[in-house]
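Single-letter residue listing:
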Amino acid sequence: MRLNPGLSRSHTSVTVVPPAPGRVASMVALHKISETAERKRPNQSAPPKVRRADCPEEEWMRKRFPRVLTPDAGRVFRVHNGSLVGFQSHYLLPRCLGLAGNEVDPWAYCPETSEYLHYDPERGIYVAATEAQVESAIVSLLEECARTSGTRRPDALRSLQRREQITPLVKALRSVSVLPAATFEEHDATCIHVRNGILNFRTLELEPFTPERPARTAVPIEWSPSALEPTRFLQFLDGMFRDPDDRLLVIRLIALALLGNPFQKVVILQGRGGSGKSTLVKLMGAIVGEGAYGELRLENSNGRFESARWMHKRLLAQLDASQSVLQKNTHILKALSGQDRMQPELKGERTHVTFVPRALPVITTNADVHLRLEGDHEAWQRRLVILRTEAPPPPRAIPDFERILVREEGPGILRLVAEQARNLLAAGELPLSAAQRDRTEMFLAQADPVRAFVRNEVEAAPGEYLYAEEAFRAAQSYVLEVGVDTLPAPNTLRALLGKEMEEIHGAHKSNSLPPRPGYSTKGWRNFRLRRA
């Protein structure tokens, strides 16, 4: 641009000299950069940053949740022109109420079960909560801040309690305070939550509740090492079982349930109707706690959602089980007692949750039922516990008898159970008397009598012979002795004998045994009957 010197200053003409063609592109680029910088320049009209001293609400929150709101942490509230207008972050306040900042009653979220959880400091357990309850907790915290922080703008705090402000905080809790379902499965099984603390079964000492030792269930009984003898409870057991070893076994089974069934047992309680079987199971359920006791429902075990009901349970009961139900679902009992990892589908969710069942299965029946052993005699021999009661029906039924016993003698019952739990942990197994082991053997023999005969009545004997007809007659007598009402057909029994001899003893039938009067030459070399 040049001035024409022949004109006055007021009439100065301007001659525009166009830039060189090569400079046009660079000038456009500089203009765009200038515009971008102008947009990024801070708003000079924005209010100055509010000092902490000018925000008592912020100071109140920092004193309340020092573990989260450290000096380097961000601000909870967003302030504009001296007014609280919102939350600086949707994640900071949920962290304060969650596991990171709340030492008393934290809120959490379990992603596998899609549950909000709230720690109950009175019971020491995490209980399921709804979104509305989480919202209420946030609103209550803001209201407490409005009343006690010394703020001069309580209405502004109350304006933050609107749903559109609170809902994002509730959603944010799902990612900043997570408590996986596996956390509850990985707890120390030698410690159990009772009404007044955490009872250590190894030392029988009581420890205080803490959110850092998570549990979903608790025994609804106070621990007292000096509790009186539960005489009414012991009288109830005396009336059901004549053998004192069986009465002691019942107490040990309750202890086993509280320990999470570490020895992988299945209990079958047999007896006629009215003998107290259901009452005993309900009493066991009342001791382990309502949340830890569930119905087994083997007839529904193949349902998509059924096994999810077994989570967090210590006792699962199938009352009055029929022969057909047990026969069809023996494999479910085996998986449940074997504590196989399960992955059920949850209702209303598109995800699966993985857990290990720790419950003690208890089955009551009025009849002589049998399991489908499918050749797994050894496994069931280790797992089965058979209890049988011949008690007559009581002259007068007492409604809610199990609840009465827990209410009146709960501490005494818990003391007996805890002592046996300590003994079980020391022994590393569930001790059984000879009579109790014999009951299990008889039960297995009735379930698969031919296999039991070959296992129990045939032995190796080098140089001797077991003739097929001799084994057939002995097997018939054995099957009747163990209480089986119907004998297998003769050809079926002979075929089963050959199959079991091969599977158990590895013995193949010979057709050329030395002649013996009254017998064919078919049989097995180097074997004999134990009774012979």
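Reading the values: the criteria
Residues numbered from 1 in each chain as written. Predicted model: local features only at pLDDT ≥ 70, side-chain atom pairs only at ≥ 80, totals over all residues. Heavy atoms only, no water. Axes fitted to C-alpha atoms, helices over the stretch in contact; angles between N-to-C directions. Helix = DSSP H or I, 4+ residues; strand = E, 2+ residues; numbered from the N terminus. Parallel < 35°, antiparallel > 145°, perpendicular 65-115°, else oblique. Contact = heavy atoms within 4.5 Å. Nonpolar A, V, L, I, M, F, W, Y, C, P; charged D, E, K, R; others polar. Pairing = 2+ DSSP bridges. 1 Å grid on protein atoms, 1.4 Å probe; cavity = no way out; pocket = protein on both sides within 12 Å on 5 of 7 lines; lining within 4 Å. Points joined across faces, edges and corners; volume = space filled by probe spheres on them. Buried < 20%, exposed > 50% of the residue type's maximum accessible area, 1.4 Å probe, protein only. Phe/Tyr/Trp six-rings, centres within 6.5 Å; stacked < 30°, edge-to-face > 60°. Lys NZ or Arg CZ within 6 Å of the ring centre and 35° of its normal.

## With respect to the packing of helix α8 (residues 231-240) against helix α14 (residues 401-427)
For step 1, the next point in the chain: Direction vectors running N to C along α8 and α14 enclose 105°, while the axes themselves pass 8 Å from each other. It follows that α8 is roughly perpendicular to α14 by the angle criterion. Within the contact between the two elements, α8 uses Thr231, Arg232, Phe233, Leu234 and Phe236 and α14 uses Phe401, Ile404, Leu405, Glu408, Glu409, Ile413 and Leu416.
For step 2, the next point in the chain: Of the residues that constitute the contact of α8 with α14, the class distribution is eight nonpolar, one polar and three charged.

## Examining the sheet that holds strand β12 (residues 293-295)
Paired through backbone hydrogen bonds, the strands of a sheet run either parallel or antiparallel to each other.
For step 1, the next point in the chain: The sheet built from five strands is open, its strands ordered β12-β13-β14-β11-β15 with parallel pairing. Of all strands in the sheet, those bounded by a partner on one side alone are β12 and β15 (384-389). On average, each strand axis in the sheet is tilted by 20° relative to the strand beside it, whichever way the strands run.
For step 2, the next point in the chain: Two elements, strand β11 (residues 266-271) and strand β14 (residues 360-365), share four bridges in a ladder whose sense is parallel. Each bridged residue has a counterpart across the sheet, and for isoleucine 268 the counterpart in β14 is isoleucine 363.
For step 3, the next point in the chain: Along the sheet, helix α12 (residues 330-337) makes contact with β11, β13 (315-318) and β14, crossing β14 at roughly 145°.

## Structural notes on the layout of surface pockets
For step 1, the next point in the chain: A volume near 710 Å³ is recorded for the largest pocket.
For step 2, the next point in the chain: Lining the largest pocket we find 27 residues, and of these Pro220, Ala286, Gly289, Glu290 and Arg403 sit closest to its centre.
For step 3, the next point in the chain: Where the lining of the largest pocket is concerned, the elements lending two or more residues are α10 (277-288) and α14.
For step 4, the next point in the chain: A per-element tally of the lining of the largest pocket places α14 first, with five residues.

## Some details on empty space enclosed by the protein
For step 1, the next point in the chain: Under the definition given, this model contains two cavities of 30 Å³ or more.
For step 2, the next point in the chain: In this structure, the largest cavity spans a volume of roughly 60 Å³.
For step 3, the next point in the chain: Every residue along the wall of the largest cavity is listed here: Val250, Leu253, Val267, Leu269, Leu280, Val281, Met284, Val362 and Leu387.
For step 4, the next point in the chain: Contributing elements (two or more residues each) for the lining of the largest cavity: α9 (244-258), β11 and α10.
For step 5, the next point in the chain: Of the residues in the lining of the largest cavity, the class split is nine nonpolar, no polar and no charged.
For step 6, the next point in the chain: Residue lining of the second largest cavity: Pro94, Leu97, Trp107, Val134, Ala137, Ile138, Leu169 and Leu173, and that is the complete set.
For step 7, the next point in the chain: Looking at the lining of the second largest cavity element by element, the count peaks at three residues for helix α4 (residues 131-148).
For step 8, the next point in the chain: Among the residues making up the lining of the second largest cavity, the classes are represented as eight nonpolar, no polar and no charged.

## Some details on the environment of glycine 463
For step 1, the next point in the chain: Inspection of the secondary structure assignment puts glycine 463 in strand β16 (residues 458-467).
For step 2, the next point in the chain: A residue is classified by how much of its surface remains accessible, and glycine 463, at 53% relative accessible area, is exposed.

## Some details on the packing of aromatic side chains
For step 1, the next point in the chain: Under the criterion given, the structure shown has seven aromatic pairs.
For step 2, the next point in the chain: Among the aromatic residues, those joined into a cluster by ring pairs are Tyr119, Tyr126 and Phe184.
For step 3, the next point in the chain: Geometry around phenylalanine 184 places arginine 216 over its ring, the cationic atom sitting 5.6 Å from the centre.
For step 4, the next point in the chain: We note arginine 494 situated over the ring of phenylalanine 472; from NZ or CZ to the ring centre the distance is 3.9 Å.

## What to know about the sheet that holds strand β9 (residues 197-200)
For step 1, the next point in the chain: Spatial ordering of the open sheet is given by β8-β9-β10, a layout of three strands whose pairing is antiparallel. The open sheet terminates on both sides in strands that have one partner only, identified here as β8 (191-194) and β10 (205-207). Taking the axes of each pair of neighbouring strands and ignoring which way they run, one obtains an average angle of 35° across the sheet.

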